[in-house]
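# A look at the structure
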Amino acid sequence: MPVRGWVTRGRRVRTTAVATLVAGTASLAVAVPAAPAAAGAATAGDPVCEIRDERLNEISGMVNTDDGYVVINDGADDEARRRIFFLDKRCAVARAVSYPTQPRDTEDLAVGRDGTLWVADIGDNDRNRETIALWRLAPDADRPVLYRMTYPDNPHDAEALLIDAPGRPLIITKGGSGTVVLYAPTTALKPGATTPLASVGKVVLPSTTTSNPYSFLGRSVVTGAASAPDGRRVVLRSYADAFEYDVTGGDLVGALTSGTPRSTPLPDEPQGESITYSRDGRSLLTVSESADQPAGSRPTILRYPATVAPAAHPAESTTAAPPSPAAASPAAQAAGIGGGQVWSLAAGAGTLLALLAVAGLLWRRHTDRR
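To start, this report covers the structure provided alongside it. Along each chain, numbering runs from 1 in the same order as the chain's sequence is written. Thresholds applied to this predicted model are a pLDDT of at least 70 for local features of residues and 80 or more for the giving and counting of side-chain atom pairs; totals over whole chains, interfaces and linings are not thresholded and use all residues. No hydrogens and no water enter the side-chain calculation; it runs on all heavy atoms of the structure.

### Re the nonpolar core
This is how it is decided: In plain words, nonpolar cores are sets of buried Ala, Val, Leu, Ile, Met, Phe, Trp, Tyr and Cys residues tied together by side-chain atoms within 4.5 Å. Type-normalised accessible area, obtained with a 1.4 Å probe on protein chains alone, sets the label of each residue: buried when under 20%, exposed when over 50%, and partly exposed for intermediate values. Secondary structure is summarised from DSSP: a helix means a run of H or I of at least four residues, a strand means a run of E of at least two, and numbering begins at the N terminus for each. Throughout, a contact is declared for two residues whenever any of their heavy atoms are within 4.5 Å.
Counting 20 residues, the largest nonpolar core has L162, L170, I172, L236, Y245 and L256 as its most contacted members. Elements with a contribution of two residues or more to this core: β13 (158-163), β14 (169-173), β15 (179-185), β18 (233-237), β19 (241-246) and α3 (252-258). Considering each element in turn, this core owes the most residues, four residues, to α3. Sequence-distant contacts of L236, defined by excluding residues within four places in its chain, comprise I172, V203, V222, G224, A225, D241, A242, F243, Y245 and L256. Ranked by size, the runner-up nonpolar core spans 17 residues in total, among them I132, M149, I171 and V181.

In structure tokens form, the structure reads like this:
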């Protein structure tokens, strides 16, 4: 779900739009990631193929397979779009699998080592769902199986899913201030049962300046995730960037919570929510929603080179470097806020004005469509 999803449901603008955005200002003004990731040049991705099926205009999750791609739509308003779509290598729909019951808000797609597909029915724009769900589609199965889960604290909006080597799902909240939370089941998932989740860590997204339709808001959320085929890398994406982490010993949580990511800019993707690795692991593949784009727009799979781990460097001198002019004050450091995290009151005011402008733009777009 794009930024409009924070304040709308389906496309119905709610009167709490401005209040929600203003509330977000507080968290944005308190802390933003201090250390940017090592980033490549901000160049557009190479088109792979165009998806022309009219049912696929809100793609929110994608995986690459030996035969092509599998994609899902965001939301469940239109029955014809409530499918797991299998595409060939030219992006044409080869088959579609229906859900046995209606999903709530399908937001991501992941694949296990055995080829099992997992659909993350975890979107919750209003943060009022009592349970969230995963749909498991075994290889060659005709229908997915539903597994329900519940958060240990309060409802969260989430749009990203990972599956570790043993097959355990890892849900990543969307965030909004640059910090996202990881949740995992406390026991094995069982059909017909509700499995408790537990918080297993937090991730602070690196700061970037990549251009995207939602400005700094688009750089502060997680809208998708994927694991490399060999399991040695994992990627989180925002509306603006992809952040790759190295995974050691299959420890996804350790990689995300303590690793240093490498950044790939995904500049100006319209509503980028999906990401996956190519089968050889050399590329990142993305696709955007096209529902609110100009007439005739089609979702197009784009290819970006995956990052490469830097070579080991010799031990550096232990001589302390002079403090940076932008270093945080002692008080800020004591509070755990780095130099890149301290915002002035003026910047906070600018943030508020920008948020109000976004709210106004979303309202105007809604009224123009009425």
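### Let's talk about unusual backbone geometry
Backbone geometry at C91 places phi at a positive 75 degrees, although glycine is not the residue there. Relative to the assigned elements, C91 resides in the loop between β7 (83-88) and β8 (93-98). By relative accessible area, C91 is classed as buried at 3%. The phi torsion at R127 lies on the positive side, around 50 degrees, for a residue other than glycine. You can see R127 is positioned in the loop between β10 (117-121) and β11 (132-137). Accessibility expressed as a relative area gives 40% for R127, which makes it partly exposed.

### Thoughts on the sheet that holds strand β4 (residues 46-50)
The condition is simple: By the convention used here, strands pair only if DSSP detects at least 2 bridges between them. Only the contacting stretch of a helix is used when fitting its axis, a line to C-alpha atoms as for every element, and angles between N-to-C directions run 0 to 180 degrees.
If you trace the four strands from one edge of the open sheet to the other, you get β4-β23-β22-β21, paired in antiparallel fashion. Looking at the sheet topology across the chains shown, the edges are occupied by β4 and β21 (272-277). Each strand axis lies, on average, 30 degrees off the axis of its neighbour in the sheet, ignoring direction. Two strands pair when backbone bridges link them, and strand β22 (residues 283-288) and strand β23 (residues 300-305) are joined in this way by four bridges, in the antiparallel orientation. Opposite S283, over in β23, you have P305 as the bridge partner.

### Structural notes on the state of the cysteines
Operational definition: Disulfide: a pair of cysteine sulfur atoms within 2.5 Å of each other.
The full count for this structure, using the stated rule, is one disulfide. Shown here is the disulfide that connects C49 with C91, its sulfur atoms set 1.9 Å apart. The sign of the 45 degrees torsion about the S-S bond sets the C49-C91 disulfide as right-handed. Here C49 is found in strand β4, whereas its partner C91 is found in the loop between β7 and β8, with 42 residues between them in sequence.

### A few points about the packing of aromatic side chains
Which entries qualify depends on this criterion: Paired rings are identified among Phe, Tyr and Trp, the last through its six-membered ring, by centres lying within 6.5 Å, and are further divided according to the angle between planes into stacked (under 30 degrees), edge-to-face (over 60) and tilted (the rest).
Taken as a whole and judged by the stated rule, the model has four aromatic pairs. Here Y151 and Y183 contribute two aromatic rings whose centre-to-centre distance is 4.9 Å and whose plane-to-plane angle is 75 degrees, an arrangement assigned as edge-to-face. Placement of Y151 in the loop between β12 (145-150) and β13 and of Y183 in strand β15 is noted, with a sequence separation of 32 residues between them. Take Y151 and Y183: they sit in the same class, and that class is buried.

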